[in-house]
Protein chains: 4
Amino acid sequence: MPIEKFTQSLNTDKRLFKADIWNSKAHNLMLLKCGIIERKTAKQIFKYLNEAEKKFNDDKFELDETLEDVHMNIEKYVLEKGGEACGVMHTARSRNDQVVTDTRILTRELANKTIGNLLNLCKAILKKAEEDNKNNIIFPGYTHMQQAMPTLSSHWLLAYFDAFTRDIKRIEDCYKRINLCPLGSAAFAGTSFPIDRKYTAKLLGFDDIIENSLDAVASRDFVAEILSDLAILMSNLSRLSEEIVIFSTSEFGLIEISEKYTTGSSIMPQKRNPDIAELVRGKTGKMYGNLINILTILKALPYSYNRDMQEDKTPLFDSFDEVNACIEITTEMLQNIKLKKKKMNKEIIATDLANLLTTKKIPFRKAYNIVKESIYGNLDLKKYLKKEEISILTPEKCIALRKSRGSANPKEVERMIKDRKQKIKEIEKRQAKRIKKIENGKKLTEEKVLNILSS
Amino acid sequence: MPIEKFTQSLNTDKRLFKADIWNSKAHNLMLLKCGIIERKTAKQIFKYLNEAEKKFNDDKFELDETLEDVHMNIEKYVLEKGGEACGVMHTARSRNDQVVTDTRILTRELANKTIGNLLNLCKAILKKAEEDNKNNIIFPGYTHMQQAMPTLSSHWLLAYFDAFTRDIKRIEDCYKRINLCPLGSAAFAGTSFPIDRKYTAKLLGFDDIIENSLDAVASRDFVAEILSDLAILMSNLSRLSEEIVIFSTSEFGLIEISEKYTTGSSIMPQKRNPDIAELVRGKTGKMYGNLINILTILKALPYSYNRDMQEDKTPLFDSFDEVNACIEITTEMLQNIKLKKKKMNKEIIATDLANLLTTKKIPFRKAYNIVKESIYGNLDLKKYLKKEEISILTPEKCIALRKSRGSANPKEVERMIKDRKQKIKEIEKRQAKRIKKIENGKKLTEEKVLNILSS
Amino acid sequence: MPIEKFTQSLNTDKRLFKADIWNSKAHNLMLLKCGIIERKTAKQIFKYLNEAEKKFNDDKFELDETLEDVHMNIEKYVLEKGGEACGVMHTARSRNDQVVTDTRILTRELANKTIGNLLNLCKAILKKAEEDNKNNIIFPGYTHMQQAMPTLSSHWLLAYFDAFTRDIKRIEDCYKRINLCPLGSAAFAGTSFPIDRKYTAKLLGFDDIIENSLDAVASRDFVAEILSDLAILMSNLSRLSEEIVIFSTSEFGLIEISEKYTTGSSIMPQKRNPDIAELVRGKTGKMYGNLINILTILKALPYSYNRDMQEDKTPLFDSFDEVNACIEITTEMLQNIKLKKKKMNKEIIATDLANLLTTKKIPFRKAYNIVKESIYGNLDLKKYLKKEEISILTPEKCIALRKSRGSANPKEVERMIKDRKQKIKEIEKRQAKRIKKIENGKKLTEEKVLNILSS
Amino acid sequence: MPIEKFTQSLNTDKRLFKADIWNSKAHNLMLLKCGIIERKTAKQIFKYLNEAEKKFNDDKFELDETLEDVHMNIEKYVLEKGGEACGVMHTARSRNDQVVTDTRILTRELANKTIGNLLNLCKAILKKAEEDNKNNIIFPGYTHMQQAMPTLSSHWLLAYFDAFTRDIKRIEDCYKRINLCPLGSAAFAGTSFPIDRKYTAKLLGFDDIIENSLDAVASRDFVAEILSDLAILMSNLSRLSEEIVIFSTSEFGLIEISEKYTTGSSIMPQKRNPDIAELVRGKTGKMYGNLINILTILKALPYSYNRDMQEDKTPLFDSFDEVNACIEITTEMLQNIKLKKKKMNKEIIATDLANLLTTKKIPFRKAYNIVKESIYGNLDLKKYLKKEEISILTPEKCIALRKSRGSANPKEVERMIKDRKQKIKEIEKRQAKRIKKIENGKKLTEEKVLNILSS
């Protein structure tokens, strides 16, 4: 096996191409501003960085495996075209800080994409919850997969809404630790050139620099953290998927998935399988695996840069891609399922019966035992309750009686839906702000580059 | 195997005892306030809850395995002593919301403990960094474990300081999702009793309630998140441990661990082994394992409560215990190591030589090649630099020349130390606020209970 | 935190006590046989080893935490009682080889226990399969949790039988790598004393020595392998548990668990929950976590002994304990469930209809499309089949028609049951042989010790 | 996101193409032999299967994403070309059994490749060990990374040899569970067609059938097992890699890697980094992650087929590819490293000094304490030993004195090398036998197909 083939990382690096071009532009704008390189040379560098970028966009940039990575490929391109003088472009920079800067640029982009997708999912859930609540879709709530108490499909949907907004919040928290600029840390010790790291960070749309130069190149806890967030997100998604699979069996009959979102069998003509939910559930494995991957890489890895770190990008990008696909397809599928009313076992009102007994001055634990005895033994409830009191206690009635905040009662659900709509707006506002900051950096960089090129 | 033995969870539950007593006090204070139970009964309940607590503190409360868990043991105690009327104490509550409330109470306590320990570790690091920076401890910086550029031990220490404060921040972010009160969600659907969940939350020192009652009992992403945070923390700690092991070999000779913090061999009389660092490194495995444990439990687990969830507490408490022990012992050990100056390979100044060449109008990439050729080939650097220019470039000089923000230069390190001292203060302030909130809830509960008991 | 508290491992070591005594007896019998120690000293050593063992059995041996581990505790006991001359007992031995020898002794014992438990589980499955097959319990087979084709509960049970016997085979394969003796490797390089490693191995009931002394103390792949085997076993057990949970819902109604093996709710009087199956499913997380634990410990751990390895025993013993409990309780529960006949969806015979059409010279793919069209479209099957042909195709008939080896046909199942009974006998024979070998070593050791003591 | 894009698996399926063609040939040869299809139709099927295969080999077969998987693509090709009558080719078969058969065919091929690569690695190690043993390369042995006792590089190499041959054995054990044929199990219940599963198994080079048809399609423990084996293998490889990284530092200076197998830095001209060893170490993360991936997929997955299982192939093939690359490159690198003699710390002979003291009738523990005191305290060893006795105890002498089986003594190493050469031969013999069996099946299939085509 040729060494180059083993050590190269172009497959994943390809995705860093544009980030790397931006990186080089910002870095050289800073070098120019700080008087470290000359305007003439900068102009040459920008010219060929633009050329390389165009080629890449047109799918014409050929990446050479023997050059190891994307950074060396771009540098070589600029030097071959612009001449040896362009060799200044790597001044006060090392691949160590360069690659992790690129990675952070791409990671924040993917994180924002995931937040956007989660927002869509949450909106779809909210819409369905609102419809279902109006239609008063009552179905059995389960504990231990056994019918427990009557509930509302809208309340069930809102539970997932809340879980997914926590997933958003987690990614937003992590984002604060992602969107920091390591550039200018060089190999790990900083540099003797009088650079301005804050300026580069601004051009690249970062919130700030990650200050200590050793920490900047050696740490990858932001990768482990975002992969944890995605793994947890997928655990939530896998639980929803599992419920969709079970609820759409003919036995449970609580969910109907529209045909387009099911698939058939090669041998059994009658089958309509919930493959999408199954695949999402199955892909949870990959997310957990990718998390263990990065944690294993980091275990006992000495500081500063070691080549092991090259392996951080495969799980990172793979998890984002899979998670995003899973959220998108789940959102679509959810928009195409129907939650159905369901006749429930008659014992499902047992808790409410016990609660009712407590209004007759029977302490709860005793009331509980009475109801239990009436179900499994010989005790007749009519010793304690009038016939009408019992017969009036339908699932609908149980639901209507609920009074506690957050409970499965149509009015409470209605209130929560209204509240969650407000939450969506707040998340959207924060999302817009994050994206704006990146765009501003991008715009500023391109303007300044254009300015120099056209001077 | 007796069923009870298999299904019981008293070993871990024991740690929930006090939280569960507090839980019951707050819940019954609320029931009383909302007119759901009577003052007389409440008084009985509080009397025997206090008695049970005292017995437990005196190690005299006998937990009965056949009663499954700690909640049933306490309820039974109160009912046996206070009479059947006390059976109201479980009104509007289920073990589902009760146990996760207890778990959140204990989790936030352990999280605060971990933050406190990390603070101590950070302070110890900062103190050593300050001393080392004054003493100008220069040693080789490594990439790929090969000597790369000269650096300062103080700068190396600060890199870990920054990593560990990120660990603190991560736990603080998670804390916002931990410190929410599920109580009153009952089995999963809420209750028909006119309870006041916000009031209970306040008595228990929570920031707010976790609203949707299904989400409240079914979700455990807060467990997965904190276990992720602890796993990431341990990955950082394992990296420090690895460096301590390697740096304290006779070959590297960069670190001397005081004898008390090393151990001997049963067969080799001369050995002084860095066992503590090794054990911390090894315990990383458990933290990763515990994370996978909870993620596996949650994978495809249908909502609301399933008995699988009982298994969340073992990894949760175990990770906290191990992490806290690891941080404490590492803090002590760090206070007892000595970082030592080290003569470095002469090539360690190669990058600075290349940088120097760029001041002679040689582009960086060419300068790099010249230095490389001078090391591995026949090229004589004196073609480009005067003898004095070369000989003056000592490791000390290289370090002194560094100008970039965050770099390994004594002045820059001094500035960072000052800044980090300020950061410590801010964290301490937030920590105090969190603890105060819990204490206030506790105090309020006890006052109200006392008030009723003495009326 | 006191260093000793952090570094000690007595909690898990306790379980190695008896193995360590045996280890010391065998080692010193060998030293005596090889002329390395004197008979008189050996006698003293054996006397106090026996005394220590007796104390331990009577729960009277006090382990001193400051002595780190069980080996040092025992050695100290013998030296204090028997005098300084007994200090020869550690000749040609190090804790490095000693502890891994103890660990292997306990591991093989636990492995045999697990095999024994799996045998019991398999026998319980076989017994139930035999009964069900006689009673012709037909129920729906599922793919994608959708009713797919009619099947037999006995065939379903046999599928698990085969999975669990593979689990046995895997452990047996691993056993060959477990039951090898490292003793005499000393720290890692062997020793200058003229010891006889094969003799010690024989006394300790090992199949052979693990030869290379560095490999012997540094390798723990046998731990990782057995933990993999247990994790895989638990994945199988979790699948059975999941099916039991789902099949015992009122919706599916395929399985009835006897009340004793279900548990109730603290708030819902009607509940009978399949907690055992849920707990087993949940405990899968721990097994996966323990596997990741050891793999993480081993990742990038330099040879020979490092203190990290002390951490191998917690996941090792914990996994065995949990797995054994899970198998035992599942066996019991299985003996107390009833599999029930079930009316199936009428489309469940669709595949057999398609197969029937192929007998009319219609190629399978076309036949498949015809049946599909007849279910979801307007096509009338009677265009292709006579009414009687269709109506005769009941689930019972479909099952009776199956001809392929291994298929869900009562006669084929009967043949398989007979065959599996034979398989059980073969496994039992191998199990007996393994246990005999250990007992022989034990007996030989004790005889020789007694011989010396009574001389 | 289009459903087809989400559910399709062509990227990994592509690798199953040839296996699937072979599968279809064998299956239809069997259908013909059993009188289920006609010779004329079979001929058509074989003709277009061959055509499809040729197209695929020429990179001209276009896989249609909307057809989900490779099986449907091939079936469609044959039906379009050969007409509707070829629709019989899926008779008595389902994708459920078909895909797992293909997977097993490819898995055994990859397993044999891995064994072959491990054999090469072992031979390279053995060769180097033999040379080093002749040259008597003495270097320090480490425990806790501290110099412990003098040892031989040949002995160190042999330790890894033994670990890697255990890895081979583990894969061979798993192979027995991989190389079983599920074909003919259809969806999961078998089929009413009078098929001959043993015959198909023979044509496909399997050792036997996997009998129970439900077990055959539902179980994936063979995937989990082989991924465990590869993960364990990588843990061994990561330990070797770690030692290479550390031993090749300028500080340790025990290993010199030839320049070709090191890489440079983009900023530091002097660097020669052991990137290959670092990358191998880093890739361990992926192997652990892939294992967790499949274990997570399998956790609580109900029987028979669920779409989650489609996700088993990505980690399976990825692990094999990475492991094989890692072994190949490590083998090459090992052939290009030089192990170097090393002056050791003078205390490295301490254990041998203690052993020497025992020849003066001093019990080992006392001897140990004397030597310890002589190193760290004031005790003069000359109280117990003559000056000559001490001075003669050089590292070379210590090594020469070792007598125990498996120890680091040149003669013992020589004996072990001879023995390991024999072991290599035995493995090669078993490997040849496995490959022969596959080739025979392939040959038989092709002959019979040709026979029909040319009739």
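Given the structure is predicted, the values throughout are model-derived calculations rather than measurements. (Residues numbered from 1 in each chain as written. Chains lettered and ligands numbered in written order. Predicted model: local features only at pLDDT ≥ 70, side-chain atom pairs only at ≥ 80, totals over all residues. Heavy atoms only, no water.)

Our focus in this paragraph is the overall build of chain A. The helix and strand tally for chain A stands at 17 helices and six strands. Here the C-alpha radius of gyration of chain A, 29 Å, is well above what a compact globule of 455 residues would show, namely 23 Å. Judged by the C-alpha coordinates and their principal axes, chain A covers about 100 × 50 × 45 Å. Pairs at least 24 apart in sequence give 80% of the contacts found in chain A among residues at least 6 apart. (Helix = DSSP H or I, 4+ residues; strand = E, 2+ residues; numbered from the N terminus. Rg over C-alpha atoms; globule rule 2.2 N^0.38 Å. Contact = heavy atoms within 4.5 Å.)

Turning next to the pairing of strand β2 (residues 146-152) of chain C. Residue and element names in this part refer to chain C. For β2, the buried fraction is high: seven of the seven residues fall into the buried class. Sheet topology places strand β1 (residues 138-143) next to β2; six bridges connect them, and they run antiparallel. From the neighbouring strand, Ile138 faces β2, where its bridge partner is Leu152. Counting the residues that bridge the hairpin from β1 to β2 gives two residues, and of these His144 lies at a positive phi of roughly 55 degrees. (Buried < 20%, exposed > 50% of the residue type's maximum accessible area, 1.4 Å probe, protein only. Pairing = 2+ DSSP bridges.)

Bringing the packing of helix α11 (residues 275-298) of chain C against helix α11 (residues 275-298) of chain D into the picture now. Put simply, α11(C) and α11(D) touch, their axes get as near as 11 Å, and they point 175 degrees apart. Compared by their axis directions, α11(C) and α11(D) come out roughly antiparallel. Across from C:Tyr288, C:Leu291, C:Ile292, C:Leu295 and C:Thr296 in α11(C), the residues of α11(D) making contact are D:Tyr288, D:Leu291, D:Ile292, D:Leu295 and D:Thr296. (Axes fitted to C-alpha atoms, helices over the stretch in contact; angles between N-to-C directions. Parallel < 35°, antiparallel > 145°, perpendicular 65-115°, else oblique.)

Enumeration according to the criterion identifies 196 salt bridges over all chains in this entry. Two residues, C:Glu38 and D:Lys361, come together in a salt bridge whose shortest N-O distance is 3.3 Å. With C:Glu38 in the loop between α3 (17-33) and α4 (39-57) and D:Lys361 in the loop between α13 (350-358) and α14 (364-376), this residue pair bridges two chains. The class of C:Glu38 is partly exposed, set by a relative accessible area of 41%. D:Glu347 is paired through a salt bridge with D:Lys346; the nearest N and O atoms lie 3.3 Å apart. Taking the relative accessible area as the measure of exposure, D:Glu347 reaches 27% and is therefore partly exposed. The exposure class assigned to D:Lys346 is exposed, which follows from its relative accessible area of 69%. (Salt bridge = Lys/Arg side-chain N within 4 Å of Asp/Glu carboxyl O.)

If you rotate chain B by 180 degrees and push it 0.0 Å along the axis, it lands on chain A with an RMSD of 0.0 Å. This pairing of chains is accounted for by a two-fold axis. Mapped onto chain A, 100% of the interface residues of chain B again fall at the interface, so both copies present the same surface. (Least-squares fit on C-alpha atoms with pLDDT ≥ 70 in both.)

Glancing now at the confidence of the model for chain A. For chain A, per-residue confidence averages 95 on the pLDDT scale, and residues scoring 70 or more make up 100% of the total. Interface predicted TM-score (ipTM) for the complex: 0.96; the corresponding pTM is 0.97. (pLDDT = per-residue confidence, 0-100.)

Moving on: the interface of chain A and chain C. Counting residues at the interface gives 46 residues for chain A and 46 residues for chain C. Contact with chain C buries area across many residues of chain A, yet A:Glu251, A:Pro269 and A:Gln270 alone supply 18% of it, more than any other trio. For the interface between chain A and chain C, the tally reads zero salt bridges. Our count for the contact surface shared by chain A and chain C stands at 27 residue pairs in polar contact (both at pLDDT 80 or more). For the side of chain A that touches chain C, the elements supplying multiple residues, two or more each, are β1 (138-143), β2 (146-152), α10 (221-247), α11 (275-298), α13 (350-358) and α14 (364-376) of chain A. Looking at the side of chain A that touches chain C, the element that brings in the most residues is α14(A), giving seven residues. Per-class residue counts for the side of chain A that touches chain C are 21 nonpolar, 14 polar and eleven charged. (Buried area = accessible area lost by both parts, 1.4 Å probe. Polar contact = N/O pair within 3.5 Å; in protein donor to acceptor, adjacent residues only side chain to side chain. Nonpolar A, V, L, I, M, F, W, Y, C, P; charged D, E, K, R; others polar.)

Once that is clear, we can look at helix α10 (residues 221-247) of chain B. When the terminal C-alpha atoms of α10(B) are compared, their 39 Å separation across 27 residues agrees well with the 39 Å that a helix rising 1.5 Å per residue should span. Burial analysis of α10(B) places 27 of its 27 residues in the buried class, the great majority of the element. (Expected span 1.5 Å × (residues − 1).)

Once that is clear, we can look at the interface of chain B and chain A. With 103 residues of chain B in contact, the opposing surface of chain A contributes 104 residues. Between chain B and chain A the total buried area reaches about 8,400 Å² when both faces are included, carbon and sulfur atoms providing 57% of it. Here chain B and chain A share 24 salt bridges between them. For the salt bridge of A:Arg166 with B:Asp221, the shortest nitrogen-to-oxygen distance reads 2.7 Å. Across the contact surface, chain B and chain A share 59 residue pairs in polar contact (both at pLDDT 80 or more).

Examined against the element boundaries, B:Arg197 turns out to sit in helix α8 (residues 197-203). B:Glu211 is the oppositely charged side chain nearest to the buried, salt-bridge-free B:Arg197, at an N-O distance of 6.9 Å. Those residues in contact with B:Arg197, other than ones at most four positions away along the chain, are A:Arg405, A:Gly406, B:Cys181, B:Pro182, B:Leu183, B:Gly184, B:Ser185, B:Ile209, B:Ile210 and B:Glu211. (Lys, Arg positive; Asp, Glu negative; His and termini not counted.)

Residue and element names in this part refer to chain A. Evaluated as defined, the whole model comprises 54 aromatic pairs over all chains. Between Tyr142 and Phe252, the ring centres sit 5.3 Å apart and the planes meet at 50 degrees, which makes this aromatic pair tilted. Pair noted here: Tyr142 is in strand β1 and Phe252 is in the loop between α10 and β5 (255-257), with a separation of 110 residues, a long-range link. In this pair, the class of Tyr142 matches that of Phe252, namely buried. (Phe/Tyr/Trp six-rings, centres within 6.5 Å; stacked < 30°, edge-to-face > 60°.)

Locating D:Gln146 in the fold gives a position in strand β2 (residues 146-152). C-alpha of D:Gln146 to C-alpha of D:Thr66: the two residues are 80 residues apart in sequence and 61 Å apart in space. Apart from residues no more than four positions distant in its own chain, D:Gln146 is found in contact with B:Ser248, B:Thr249, B:Lys271, B:Arg272, B:Asn273, B:Pro274 and D:Gly141. Of the polar contacts made by the side chain of D:Gln146, one reaches the backbone oxygen of B:Ser248; its length is 3.2 Å.

A few words on unusual backbone geometry. Residue and element names in this part refer to chain B. Even without being a glycine, Asp59 presents a positive backbone phi close to 65 degrees. Looking at the secondary structure, you find Asp59 in the loop between α4 (39-57) and α5 (70-82). Notably, His144 is not glycine yet its phi reads approximately 55 degrees, a positive angle. Position of His144 relative to the elements: it lies in the loop between β1 (138-143) and β2 (146-152). Given the relative accessible area of 7%, His144 is considered buried.

Below, the discussion takes up the packing of helix α4 (residues 39-57) of chain D against helix α17 (residues 410-453) of chain D. All names here are of chain D. Packing of α4 against α17 leaves a shortest axis separation of 9 Å and a crossing angle of 120 degrees. The angle between the axes of α4 and α17 places the two elements in the oblique class. Between α4 and α17 lies a crossing of left-handed hand. Between α4 and α17, the contacting residues are Arg39, Lys43, Phe46, Lys47, Asn50 and Glu53 on the first element and Lys442, Val449, Asn451, Ile452 and Leu453 on the second. When the residues that make up the contact of α4 with α17 are grouped by side-chain class, the tally is four nonpolar, two polar and five charged. (Left-handed = near helix turned anticlockwise from the far one by under 90°.)

Here the focus is helix α7 (residues 153-178) of chain C. The end-to-end C-alpha distance of α7(C) is 37 Å, a good match for the 38 Å that 26 residues give at a rise of 1.5 Å each. Buried residues dominate α7(C), accounting for 24 of its 26 residues.

Right, let's get into the state of the cysteines. Residue and element names in this part refer to chain B. Counting across every chain of the model gives zero disulfides over all chains. Cysteine Cys34 remains unbridged, with the sulfur of Cys181 as its closest cysteine sulfur at 13 Å. Among the residues examined, Cys34 registers a relative accessible area of 22% and is labelled partly exposed. (Disulfide = S-S within 2.5 Å.)

With respect to the helices and strands, D:Glu328 occurs in helix α12 (residues 313-335). Considering only alpha carbons, one finds D:Glu328 and D:Leu121, 207 residues apart in sequence, at a separation of 7.4 Å. With near-sequence residues (within four places) excluded, D:Glu328 lies in contact with A:Met1, D:Lys113 and D:Asn117. Within polar-contact distance, the side chain of D:Glu328 engages the side chain of D:Asn117 at 3.2 Å.

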